[in-house]
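# Structural characterization, general
Now for the letters of each chain:
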Amino acid sequence: MAALSDVSLPEVIELQQIGLGELDPLLAEEINVWTQRFAWDFRGSAELLRRFVQVHALHGHALRWRREVIGYAYVVVEGRKGLIGDFYVSSAHASATNEALLLGAVVQGLMLTSGVRRIESQLMMLSGGMSQIPFHRFLTRHDRLFMEVTADAVPALKPRAGSTGAKFYTWEERFGEEIAHLVAAAYRGHVDSEINDQYRTIPGARHFLTNIIRFPGCGVFAPLSSAVAVDDRTGRVCGACLTSMVSENSGHVTQLCVLPAVRGVGLGYELLRRSLLNLRQAGCTTVSLTVTCSNVDAIRLYESMGFRSSAVFPALVWEGF
Ligand SMILES: CC(C)(COP(=O)(O)OP(=O)(O)OC[C@H]1O[C@@H](n2cnc3c(N)ncnc32)[C@H](O)[C@@H]1OP(=O)(O)O)[C@@H](O)C(=O)NCCC(=O)NCCS
């Protein structure tokens, strides 16, 4: 019997069935992994999850093995879209089999949810050994890089504002609506709008901005480090770099985009340079960002400014089921 249970699979249960005490050890481990791997303080997000678990309002699945919760993934449904919000299997149990079991359960759960036609996920905590992603017939996969720069490298970056034909500001509320228009225009036909369909429309871009400004999923919005470029000729916003704090001493670039008509003259560089300087001044020793591997122009820009990639993770989209 003992040998049999050693090779048996974990039990898949609904997240709503588990109690707070059961999830706590796993969340404590996950907090450490986020810090070590991404210099990211996950405590705020974990606390939010705990509050939802407490009232049995967190949807998704968990893996239980020998009475211990060893993995979980929660989901959020927004209209026709299902989102896998977080996915984590403890390091002692992060086998390809266990990860596929958990991912299969949450994806199937969403596919069976009335009205859901599309599922999006960015799985930064997946260990990467899965040979075949569940429901692969409906899947599109884009790999993404996690890149970091040390703040000490930033002061050496030369200013380029002069040649850009723009004035630079820090974030102000009044720019919000124009930045929503900028995001929708900058990502038209872009690979990232296949990963995140909010980029495809102005209402979607507004929603995206509200999320990064008001909610902690991508860190705490840092308005004073976020840079906005306004075109001298048109007086309109033509580029933006939005930032957040993901721990006391690490910053994150949540968005960088420039209007197609004014690319290649240094606006992206200058926006990012200003944001990096401001983040450094705010006490950051490192700054990170994520970028899709096929976005080679952006990667070239980041590498030229000192960013180096430290992890690869998949962005997975299921559609047409
Ligand atoms: C990525 C993006 C922000 C870059 O913006 P950009 O303003 O075109 O970037 P820059 O002009 O600063 O740099 C791009 C190139 O122009 C060059 N350049 C910079 N200053 C220049 C200048 N004064 N004169 C001529 N060329 C210049 C840069 O060296 C760079 O060249 P490279 O491609 O050989 O490295 C922009 O392409 C964009 O919005 N893309 C869509 C959204 C996106 O992918 N965002 C990133 C998501 S992670």
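Residues numbered from 1 in each chain as written. Predicted model: local features only at pLDDT ≥ 70, side-chain atom pairs only at ≥ 80, totals over all residues.

### Points about the site of the ligand
With respect to spatial proximity, 22 residues lie near the ligand, and among them Arg263, Gly266, Leu267, Gly268 and Tyr269 are the closest. Mapped onto the shell around the ligand, the elements with two or more residues apiece are strand E11 (250-258), helix H8 (267-281) and helix H9 (296-304). Per-element accounting of the shell around the ligand gives the leading share, 5 residues, to H9. Residue composition of the shell around the ligand, by class: 11 nonpolar, 7 polar and 4 charged. (Near = placed C-beta within 6 Å. Helix = DSSP H or I, 4+ residues; strand = E, 2+ residues; numbered from the N terminus. Nonpolar A, V, L, I, M, F, W, Y, C, P; charged D, E, K, R; others polar.)

### Looking at the confidence of the model for the protein chain
Confidence in the prediction of the protein chain, expressed as mean pLDDT, is 95, and 98% of residues score 70 or more. Contacts of residues 1-5 to residues separated by more than four positions or lying in other chains number 0 contacts, the stretch itself having pLDDT below 50. (pLDDT = per-residue confidence, 0-100. Contact = placed C-beta atoms within 7 Å.)

### Looking at the nonpolar core
Of all hydrophobic cores here, the largest spans 44 residues; its most connected members are Val183, Ala240, Cys241, Cys257 and Leu271. Secondary-structure elements contributing two or more residues to this core are strand E6 (139-150), helix H5 (176-186), helix H7 (202-214), strand E9 (227-231), strand E10 (237-247), E11, H8 and strand E12 (286-292). Core analysis: the second largest hydrophobic core is formed by 34 residues, Tyr74, Val116, Met125 and Ala315 among them. (Core = buried A, V, L, I, M, F, W, Y, C linked by C-beta atoms within 7 Å. Buried ≥ 20, exposed ≤ 12 C-beta atoms within 10 Å, placed from the backbone.)

### Describing the packing of helix H2 (residues 20-38) against helix H3 (residues 43-54)
Across the interface, H2 lies against H3 with an axial gap of 11 Å and an inter-helix angle of 170°. Classified by the angle between their axes, H2 and H3 sit roughly antiparallel to one another. The hand of the H2/H3 crossing is right-handed. Contacts between H2 and H3 involve Leu20, Leu23, Leu27, Glu30 and Ile31 on the former and, on the latter, Arg43, Ala46, Leu49, Arg50, Val53 and Gln54. (Axes fitted to C-alpha atoms, helices over the stretch in contact; angles between N-to-C directions. Parallel < 35°, antiparallel > 145°, perpendicular 65-115°, else oblique. Left-handed = near helix turned anticlockwise from the far one by under 90°.)

### Considerations on the environment of isoleucine 212
Examined against the element boundaries, isoleucine 212 turns out to sit in helix H7. Look at isoleucine 212 and you get partly exposed, because 19 C-beta atoms sit within 10 Å. A sequence separation of 89 residues divides isoleucine 212 from leucine 123, and the C-alpha atoms of the two residues are 18 Å apart.

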